[in-house]
Structures are given as structure tokens and as C-alpha cells.
Amino acid sequence: MTLMATERMKLFSTRSPWFCSVLAVGLVVGFASLLTLTSNDPAHVDLGLLLAGSQFGLMVVLVMGALAITTEYRFGTIRTTFQAMPGRTAVLGAKAGVVGLLALVLGEVAAFGAWGVGKVFGVEAGLSSSADWRAVAGLGVVFALSAVAAVAVGALIRQSAGAISILLVWSLLIEDLISLIPNVGDNIRDWMPFVSARRFLGNAGPDPVLGPWASLGYFAAITAVLFAIAAVVVNRRDA
Amino acid sequence: MIEASGLTKRYGKTLAVDNLSFTAQSGRVTGFLGPNGAGKSTTMRMVLGLDTPTAGDVRIDGKHYRDLKDPLRTVGALLDAKWVHPNRSARAHLAWLARSNRIPAKRVDEVLELVGLTGVAGKNAGGFSLGMSQRLGIAGALLGDPKVLLFDEPVNGLDPEGILWIRKFMHRLADEGRTVFVSSHLLSEMALTAQELVVIGRGKLIAQTSTEEFVAMATEASVRVRSPQLDQLRSALGRDGVSIRDEGDSLVVTGIDAAAIGDLAAAASIALHELSPQRGSLEEAFMQLTGDSVEYHTDIANDTAALLATGSVAR
Amino acid sequence: MTLLAVERMKLFTTRSPWWCTALALALTVGFAALMAATANDTVPLTVAATQFGFQFGLVVVMVMAALAVTTEYRFGTIRASFLATPNRTSVLLAKTTVVALLGAVVGEVAAFASWGVGKLIRPEADLALQTAYEWRAVAGVGLVYLFAAVLAVGVGALIRQSAGAISILLIWTFLVEGLVLLIPRVGDDINRWLPFNMANMFITGDPDPSNRDVAFGPPPADAGLAPWPALAYFGGVAVIILVIALVVTKRRDA
């Protein structure tokens, strides 16, 4: 708990997490407003479209998660941190925990905000099925796991530019370009982490390889593996 | 107390620290002296568990740093004053440090007061001058009221007032019974600050001794004597504890002072054309000791004497 | 000329441009090899299919170009640069020129190497460069990288922070332009005039649709202009952003 409290103080005593939080929620809710306001028939805008802006939010969360650790390397405070708290795995865990919790809150606020804005502008999509609930309430969970993965990548790469490039290029480009490979591309794509996360949220498509909850479990497992690798490397490496 | 034994750090092909053993006692200011690039910072990072030694071991009061519970309560360190987030206020920086080691929040204000930063505690650390950053770093080191303190080049870039402040501060900390381990590349500074010295060059230990002894050895006087009767003079001076070296038309004598040489010469009716005491410069002796040109020995006395006797460091 | 030489020396005396160049080539050529190796009778290798890795190279070139400016701010060397040459516009223009030329070279080498690797692995495939479309798909890559580098230098000089500049560039290129399509009624029309869609139009636009299936190459772009005007439009956007960056840099304290 001490470690979590410490990491919380560190995170919120700089500006960038505040900025990222506002941006993440603002983009998701803002895009939902834009979509409903420009729609000819707002009543029939579905949840999937309403939450299309969550991709923006996800990018912000990835960047925020990576920066939470790369700025420590950038400014040398990682050494101060390890000097104060020599248990490096615990520090990394506390940091991932705090950033993940923040991302969870941001995801929930953004998703329910987007849904609420849609309601105000006349969208009729309700939260009737469990799939609807997953699409909205599930966003926070996906954001939280993504933030943890981003902390892990940040800890491995240690440079903001490199970590952010890898995270964004992976999630925005590689996972989709993979499907262009003849024959096997689509099969590989089905097992990509962010594709799995989206499958949990609702974009299952026909004949999905995993059910929604199994997809989430798979995404969580990949995140856990990344985190474990990062923890081992951070412990071995000189700070 | 800090005890290092056989501490070694290798980066690829270069040995940054080579089989280094030393101790820093409590109640003393121990200076860690060596030229830039000698391995001082690397050693300090290993003491703090930041870097893992390739070989060897370093303990603080018998424990590895990583095994200390709430380490800031045992060890305080200032390695680099710029290791703060520029957009975080001085108070916020100290607040998270305090929280991480269960140090009461009111201690933050105490240390801010102690280093004289209370007035700017709410300002972002990125806007601090080097002197202010240094004070903030010292505040962080003192936060846990630790028994052991490490400072890496704390006077670098400070104005004379700041240097004096730090010097007095370290003496006070040592007088309170703490272990103070402070690195510098300036012997003149260490001569004023430290009571004990650990001297390294190229990652290797050159000497561990008290500052007084080191200074005495480094500046041991020699006397240059010129005379038309050099042979007679040499035999007149020939006794225990006196070493004599020929330099053309003169002798360089150590182990006996100029007055005694003059008396001896007068008693033996030897004419003297010159009788001049030679003083070695502390800094030059140190540079010679730690520089590339010299092979390293732990026998500091002979080295220093030899260096001074060659005249190359004499003024 | 002196400034160009200085900027060239600055660029190539750090490791990151070398890294980026190697990475861009490895990704594009590697992807082409992958496409060639997995091609078969139902999905034959085409000229366009050898250029699937185009976007990877684009990312790397933009990141490199942005870093060329932001690292100067990161390490404070921008002040040394402006002390050595007080005319900031000249400094930035020289830097832009060097980075853009490198981008162009990387693009041409990557495109022709990708094409060559396709020919090597699938000698029987029809990879002849005959139509204007096929020439643009390969030789045009360098031109797009050139202007993308100009744009990225502009964004880097405006933002001054690596993390921010890279995030904006990548999110814009690969997310915003795509998500705009989702906006009802106007989304399609807006998308037709977005800069990177225009760049895609230049590379993939105007193929004879009877020649190939969409799946055999990057999907043809739907933009508001014909290929060459589309490139001019993309270049124009890049130059406008650069000019804004030049004005801002001149006014701002270094």
C-alpha cells in the first residue's frame, strides 16, 4: 500500500497525467457527440459506432502508461525511486497498478460518458444485453490492461520516443497489416492482443476463435507475460 | 559504516571499478578521491544497489542495500542533483520520497527549512539553479535522518558560499556520529572536508589513509643543496632516515630539514652555494599519483617521495 | 551549402538515423519477402503487393524526421545550433532538406528492394513496371516519404517534445484519418481531402480495376484529386506546416 500511495503521489504531482486524462475522456465523449450530432438518424446509431472514439482514448492511455515510466528514466528519477524503494518488481507493480487503476476509471468515465451523451442526443441503444454491458463497462478493463502493457513496454524500452512508436505502430498498424499476408494473415490477426481486446468489447465478427471472456483472458495473459519480462529485465539491469 | 570488498564493475571491455576494497567509518567524513572517470560514481551506484557489481560485495552496516527495510532511514544519498522531475515541485518531490519510506510528512518541511528552501518549496524543481538543486538533493538525503550519507561531487558548480555551507554541514553530520562518504576530484577540497581518504585511480585503490597522513606524505619536504664539495657533503649527510639523490651539480635530500643540513655543512667546513627547501604541490602530487603516467602502488609514501624527489612536481 | 553539410554531419554522427534507416529497409523488404513467400495461384504476387510494407517505412521516416528536431530540444543542442547560425529559418530549412532527402533515398531503396526481393523469390510472377500506376506504386514511395519527412520536421519543431510529436503524427496518420470515415454524411467527403489519404491516392490510386482484385495489393484510395495533384496536395500540406513551424520557431525563445 505504501508503494501504491507513493506511485500515486508521483503520478499526480506532474501535469501530464491530468492532461492525458482530460484528453482521453474528451476524445471519446467528443467523438460520440460528433457522430450523433451529424447523424441523420441518431436514434439508430448503435453502441459500436457510439464508442468508435474509444480508439483515441486507448492511444492516449498507451502513451500515458509508457510515459509514466519512461519519464523516470528520462529525468533520472528512476534511480531516486530505486534508492528509496529497492524492491524493483514491487515498484513496477505499484506503478502499473496506479496507472492501470487510473486507466480503468478513465475507460469507465469515457464509455458511460459517451453513452450518456448519445442518450441526450437521442440515441436509443440501451444497455439491455450482456454484450451491451461488455461494450460499455468493459472499456475500462481494456484500458487498464492496456496501460499495464504500456508500462511494461516503457520499462523495457526506457525511451519515450521508442516505446510510444512501438505501442502505436503495433496497435494501429501491425495488427491490421498482418491480415494482408495471404492464407495465414487472417488467422494470425485473430490472435493479436488488441484484436482480442476488441473482440471482448463486441467486434467478434463471424465465427470468432475465442469467446468474449476468453478473449479478455487472452489479452490479460499477454499483458501479464509482458509485465513479467519487464520485471525480470528491470531487476537485472543497472538502474 | 560502509564496507566494500573486491568490488568490480566491468562494462564490456572496460573495467570501471577494479577489485576495490575500502571502509568508511561512522563519525568520520571519508573522502572518496580520484580524477574524473576514475569510477567514483559507479562505485557509489553499486553501494546503493542501483548497479550490480560484476564481482565483489559492498555492505552498509553489514547489509546489502537492497535488503534494507525503508532504506532512506539508514542511507541518504545525493548522486546527481538533476535527478528530479522538472515539472514537480520541490515539496512534492520530497513528499513522495517520504511517503515511500513511511517518513512523517512534517519531516519534509523540516528538511526544507534545514537546507533553506522553504521559500521556494512550491516551485517546480526544473527552474532551480544548480545550487538550489544541490540543496534539494541534500534535503532528500537527510529526509530519513540516516546514519550513513553519500554525496557525489556535492560542491561541483557551487559558489564559494555554497561550498563553505556544504563543508560545515558535513562536519556537523559526522560530529553527530554519522558515516559521511563524499566523493571529489579535488584534493584541495577534500583536504578541508575529509578526515579519512579513499583514493582511487582508473578504478583501482591507490590508498586508504587519514587525510593528515596523505597530505604529509604528499607534501613531504625535500631540500636542494648545491656545493663544490658534493662528495664530502654526501658523506656528511649519510645517516639513517636521510635519502640523497644526485642531480648533476646538486643533491636532493629528504629526511632532514634545511637548518640541520646547514649546521652539518658548517661543522664539516663545507661550502654551500644553495640550500633551498622544496615544497611539493598537493594537487600536482595527486595528479601524478592518479594520472595515466604512473603505475599504481599502494605504497603511497615511496611513490610520493619519489615523485617529489624527481623535481618534476617541485616548484 | 555549409548549413546543409553541418546538418548532414549532425544527423549522421548519432546512431538513430542509421537505426531508423536499417529498420525502415528491414520492415519494408521483410514484408515484401513475406508477401512473396506466401503468394500462390489464387493470390498472385503483384507489383502493388510488393509494396505492402510502405506504411512501415512511412512510420519510421516520420519518427526519424521528428526526432531530428525534438532531440535537439531534448539535449539543448538547438541553442548551440542557433548560436552557430542565428538565422533560425536557414537552420531549420537545412535540416528539413537533409532529412527529407534521406527520407526520399530510404523510400526509393526500400521500394525497389521490396520489388526486387519479390522478383527474386517469385521469378515467374508478372512484376514488370509498365503502367504509370505501377511506376508510381514503386518509384513514388520516395516522393511520399520526402514530403512526410518535411511534415514530420514541421510537427517536431512545433511540438519540441519527442513523445508528443510522435504521438500526434502516428495517431493522425493511422487513426484519425480512418475514424473520420465513421462520421455520418460528411465523413467520406472530409476523408477524401485528408493529407495521408492523398498520399495513398498517389501510390495506389487509379489502377485499372480490371487488372487485379483488391486483395492483391493495398486497397486503392478514394481521394478528391487525381494521383499527381494528390501528391502536390500532400506536399502542400507538408510545406504549410513547415512554414508555420518556421514562423513559430523564429518568434519563440530557443
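Residues numbered from 1 in each chain as written. Chains lettered and ligands numbered in written order. Predicted model: local features only at pLDDT ≥ 70, side-chain atom pairs only at ≥ 80, totals over all residues. Heavy atoms only, no water.

Trainee: Please set out the packing of helix α7 (residues 130–157) of chain A against helix α11 (residues 212–236) of chain A residue by residue, giving values where relevant.
Mentor: Residue and element names in this part refer to chain A. Close contact between α7 and α11 brings their axes to 8 Å; oriented N to C, the two are set at 20 degrees. Relative to α11, the element α7 lies roughly parallel. In this structure, α7 crosses over α11, and the sense of that crossing is left-handed. Contacts between α7 and α11 involve R134, V141, V142, L145, S146, V148, A149, A152, V153, A155 and L156 on the former and, on the latter, P212, W213, L216, F219, A220, T223, L226, F227, I229, A230, V233 and V234. Residue classes in the contact of α7 with α11 are distributed as 20 nonpolar, two polar and one charged. (Axes fitted to C-alpha atoms, helices over the stretch in contact; angles between N-to-C directions. Helix = DSSP H or I, 4+ residues; strand = E, 2+ residues; numbered from the N terminus. Parallel < 35°, antiparallel > 145°, perpendicular 65-115°, else oblique. Left-handed = near helix turned anticlockwise from the far one by under 90°. Contact = heavy atoms within 4.5 Å. Nonpolar A, V, L, I, M, F, W, Y, C, P; charged D, E, K, R; others polar.)

Trainee: Before we move on, can you summarise helix α8 (residues 230–237) of chain B with the specific residues and values?
Mentor: Residues three or four positions apart in an α-helix share a direction because the helix packs 3.6 residues into each turn. Residues and elements named next belong to chain B. Burial in α8 covers these residues: L230, L233 and L237. Down the axis, α8 shows its buried residues gathered within 60 degrees of arc, on one side only. In α8, the exposed positions angled more than 90 degrees off the buried face are occupied by D231 and S235. Where α8 is buried, its residues touch β10 (222–226), β11 (243–247), β12 (250–254) and α9 (258–267). (Buried < 20%, exposed > 50% of the residue type's maximum accessible area, 1.4 Å probe, protein only. Arc of directions from axis to C-beta.)

Trainee: So what about the pairing of β11(B)? Which residues, and what values?
Mentor: Residue and element names in this part refer to chain B. The pairing of β11 with β12 spans five bridges and is classified as antiparallel. The residue of β12 that forms the bridge with E247 is S250. Turn length for the β11-β12 hairpin, with the two strands adjacent in sequence and antiparallel, is two residues, and the turn residue G248 shows positive phi of about 65 degrees. (Pairing = 2+ DSSP bridges.)

Trainee: I'd love a proper account of the domain arrangement of chain B, names of residues and values included.
Mentor: Accessible area lost upon the coming together of the parts is a frequently used measure of interface size. The domain boundaries assigned to chain B delineate domain 1 (2–210) and domain 2 (222–278). For domain 1 of chain B and domain 2 of chain B, the distance between their C-alpha centres works out to 48 Å. (Domains from an automatic or database assignment.)

Trainee: Mind laying out the interface of chain A and chain B, listing which residues take part and the relevant values?
Mentor: Taken residue by residue, the interface counts 26 residues in chain A and 29 residues in chain B. Of the roughly 2,500 Å² buried where chain A meets chain B, counting both sides, 57% is carbon and sulfur surface. Three residues, A:F75, A:Q83 and A:D238, lead the burial of chain A against chain B; their summed loss comes to 25% of the area buried on that side. The interface formed by chain A and chain B holds one salt bridge in total. The partner of B:K9 in a salt bridge is A:D238, and the shortest N-O contact between them spans 2.6 Å. Along the contact surface separating chain A from chain B lie 13 residue pairs in polar contact (both at pLDDT 80 or more). Going through the elements one at a time, α1 (2–12), α4 (54–75), α5 (77–84) and α11 of chain A are the ones with two or more residues in the side of chain A that touches chain B. At seven residues, α5(A) tops the list of elements feeding residues into the side of chain A that touches chain B. (Buried area = accessible area lost by both parts, 1.4 Å probe. Salt bridge = Lys/Arg side-chain N within 4 Å of Asp/Glu carboxyl O. Polar contact = N/O pair within 3.5 Å; in protein donor to acceptor, adjacent residues only side chain to side chain.)

Trainee: Describe the side chain of C:E177, naming the residues involved and giving the relevant values.
Mentor: For C:E177, the position within the fold is in helix α7 (residues 162–179). In terms of polar contacts, C:E177 uses its side chain to reach the backbone amide nitrogen of C:N197, at 2.9 Å.

Trainee: Give me the pairing of strand β5 (residues 75–78) of chain B: which residues, what numbers.
Mentor: Residues and elements named next belong to chain B. Side-chain alternation along β5 places V75 and A77 on one buried face and G76 and L78 on a second face that is also buried. Note that β5 and strand β6 (residues 148–152) share four bridges and pair parallel. Paired with L78 across the strands is F151, a residue of β6.

Trainee: Explain the packing of aromatic side chains residue by residue, including any values.
Mentor: Enumeration over the complete set of coordinates arrives at 17 aromatic pairs over all chains. On the basis of an interplanar angle of 15 degrees and a centroid distance of 5.8 Å, the ring pair of C:F54 and C:Y145 is categorised as stacked. Of this pair, C:F54 sits in helix α3 (residues 54–74) while C:Y145 sits in helix α6 (residues 132–159), and the two are 91 residues apart along the sequence. Each member of the pair, C:F54 as well as C:Y145, is classed as buried. Members of the aromatic cluster, joined through ring pairs, are B:F22, B:F32 and B:F181. (Phe/Tyr/Trp six-rings, centres within 6.5 Å; stacked < 30°, edge-to-face > 60°.)

Trainee: Could you give an account of the environment of A:K95, naming the residues involved and the relevant values?
Mentor: Residue and element names in this part refer to chain A. Along the chain, the position of K95 falls in helix α6 (residues 88–120). Considered as a pair, K95 and V148 are 53 residues apart in the sequence and their alpha carbons are 8.7 Å apart. Ignoring any residue separated from it by four or fewer positions in sequence, one finds K95 in contact with E7, K10, A68, I69 and E72.

Trainee: With reference to specific residues and values, describe the interface of chain C and chain A.
Mentor: Residue-level contacts link 28 residues of chain C with 29 residues of chain A. Per-residue buried area on chain C facing chain A is highest for C:F56, C:L175 and C:R185; these three make up 18% of the total on that side. Inspection of the chain C/chain A interface yields zero salt bridges. At the junction of chain C with chain A, the criterion picks out two residue pairs in polar contact (both at pLDDT 80 or more). Listed by contribution, the elements that provide at least two residues to the side of chain C that touches chain A are α2 (16–38), α3 and α7 of chain C. Ranked by residues supplied to the side of chain C that touches chain A, first place goes to α7(C) with ten residues. Taken together, the residues that form the side of chain C that touches chain A break down as 21 nonpolar, five polar and two charged.

Trainee: I'd like a rundown of α5(A), residues and numbers included.
Mentor: In terms of burial, α5(A) is a largely internal element, seven of the eight residues being buried. By the burial criterion, the buried members of α5(A) are A:T77, A:I78, A:T80, A:T81, A:F82, A:Q83 and A:A84. Close packing links the buried residues of α5(A) with α1, α4, α6 and α11 of chain A together with β5 and α2 (90–100) of chain B.

Trainee: So what about the sheet that holds strand β7 (residues 179–184) of chain B? Which residues, and what values?
Mentor: Hydrogen bonds along the backbone pair up the strands of a sheet, which may run parallel or antiparallel. All names here are of chain B. Across the sheet, six strands lie side by side as β5-β6-β7-β3-β8-β9; this open sheet has mixed pairing. On the outer flanks of this sheet lie β5 and β9 (204–210), each paired with one strand and no other. Each adjacent strand pair in this sheet contributes to an overall mean axis angle of 15 degrees, direction not counted. The sheet contact formed by strand β3 (residues 29–33) and β7 spans five bridges and is parallel. Following the sheet pairing, F32 is matched in β7 by S183. Along the sheet, helix α5 (residues 160–175) makes contact with β3, β6 and β7, crossing β7 at roughly 150 degrees.

Trainee: Can you lay out the nonpolar core for me, pointing to particular residues and giving the numbers?
Mentor: In this structure, A:L92, B:I2, B:L150, B:F151 and C:V144 are the most contacted members of the largest nonpolar core, which totals 238 residues. Setting aside chain neighbours within four positions, we find B:I2 in contact with B:F22, B:T23, B:A24, B:V47, B:V58, B:R59, B:I60, B:V148, B:L150, B:T179 and B:F181. In terms of nonpolar packing, the next biggest core, distinct from the first, is built from 13 residues, B:V225, B:V242, B:V253 and B:I270 among them. (Core = buried A, V, L, I, M, F, W, Y, C linked by side-chain atoms within 4.5 Å.)

Trainee: Break down the pattern of salt bridges for me, with residues and values.
Mentor: Pairing between side chains becomes possible if they bear opposite charge and their charged atoms approach one another. By the definition in use, this model includes 30 salt bridges over all chains. Taking the shortest distance from any N to any O, the salt bridge between A:K10 and A:E72 comes out at 2.9 Å. Taken together, the residues A:K10 in helix α1 and A:E72 in helix α4 connect sequence positions 62 residues apart. Note on A:E72: relative accessible area 4%, which makes it buried. With its nearest N and O atoms 2.8 Å apart, the salt bridge here joins B:R59 to B:D57. We classify B:R59 as partly exposed; its relative accessible area is 32%. Through salt bridges with shared partners, a single network forms among A:E7, A:K10, A:E72 and A:K95.

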